[in-house]
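Summary of the model geometry
The primary structure of each chain is shown beneath.
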Amino acid sequence: MALSGSLPDHILTREQRHVNAIHVANGLDMTDLQLEKKPGLNVSADELTLKECVSNAMDKFFEHMDGQPASNLYEMVMAEVEAPLLEVVMKNAHDNQSKASEILGINRGTLRKKLKQYDLL
């Protein structure tokens, strides 16, 4: 899993595509942000927790930024987690928005807004 690099373009928001374009223009290949197992962890990469994956990805992101300033990082990371979360929940709810909103614990209207935001609707 990579920050913005592993998601299909239709899932990325316009801002994410813009951020990716900036990073690529600055010589940062987003596909280089692939998760790697941190030293000292006694689990395979497939067994990493979500928390460990995020931590690992952020470490790698800042490594690749090499001191360059980052902006809107919170929004970028939330979008990276939220888009695939919505996609998987909708798949498991068989595209039933009422069921998906119940699984997620959010209002159905909020779910619709988020699905539109990520072009998943």
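Just above, that's the structure.
Here the structure is a predicted model, which is why all the values come from computation and not from measurement. (Residues numbered from 1 in each chain as written. Predicted model: local features only at pLDDT ≥ 70, side-chain atom pairs only at ≥ 80, totals over all residues. Heavy atoms only, no water.)

1. Quick look at helix 3 (residues 73-92)
Threshold: Helical segments are the DSSP runs of H or I of at least four residues, strand segments are the runs of E of at least two, and each set is numbered from the N terminus. What a helix is expected to span follows from its residue count: subtract one and scale by 1.5 Å. When a residue's accessible area, from a 1.4 Å probe over protein chains only, is under 20% of the maximum for its type it is buried; when over 50% it is exposed; and in between it is partly exposed.
In this model helix 3 runs 29 Å from its N-terminal to its C-terminal C-alpha over 20 residues, within 8% of the 28 Å that 1.5 Å per residue would give. Every buried residue belonging to helix 3 is among L73, M76, V77, A79, E80, E82, A83, L86, V89 and M90, and all of these are buried. A positive phi of about 55° marks H94, the residue just after helix 3.

2. Here we look at a nonpolar patch on the surface
The line we're drawing: A patch consists of residues whose relative accessible area exceeds 30% and which take part in no salt bridge; residues with like charges are grouped when within 9 Å of each other, and nonpolar side chains (Val, Leu, Ile, Met, Phe, Trp, Tyr) when within 5 Å. Where accessible areas are quoted, they stem from the Shrake-Rupley method and a 1.4 Å probe; at the residue level, only the protein chains shown are allowed to cover. Within this document, salt bridges are pairs made up of a side-chain nitrogen of Lys or Arg and a carboxyl oxygen of Asp or Glu, the two lying within 4 Å of each other.
Taken together, the side chains of L50, V54 and V81 define a hydrophobic patch exposed on the protein surface, amounting to about 220 Å² of accessible area. Structurally, L50 can be placed in helix 2 (residues 50-65).

3. Quick notes on the pattern of salt bridges
For the coordinates displayed, the defined rule picks out 1 salt bridge. Residue E82 is joined to K114 by a salt bridge in which the shortest nitrogen-to-oxygen separation is 2.8 Å. Here E82 is found in helix 3, whereas its partner K114 is found in helix 5 (residues 108-117), with 32 residues between them in sequence. Judged by its relative accessible area of 18%, E82 is buried.

4. Some points on the nonpolar core
How we decide: Nonpolar core, defined: a set of buried Ala, Val, Leu, Ile, Met, Phe, Trp, Tyr and Cys residues in which side-chain atoms within 4.5 Å join the residues together. The criterion used for residue contact is that any of the two residues' heavy atoms lie within 4.5 Å.
Counting residues in hydrophobic clusters, the biggest one holds 10 residues: A79, A83, L86, V89, M90, A93, A100, L111, L115 and Y118. For this core, the secondary structure elements donating two or more residues are helix 3 and helix 5. Take this core: its biggest share by element is 5 residues, from helix 3. If we ignore the near neighbours within four places in the chain, the residues touching V89 are A100, I103 and L104. Judged by nonpolar contacts, the second largest core, of 6 residues, contains M58, F61, L73 and V77.

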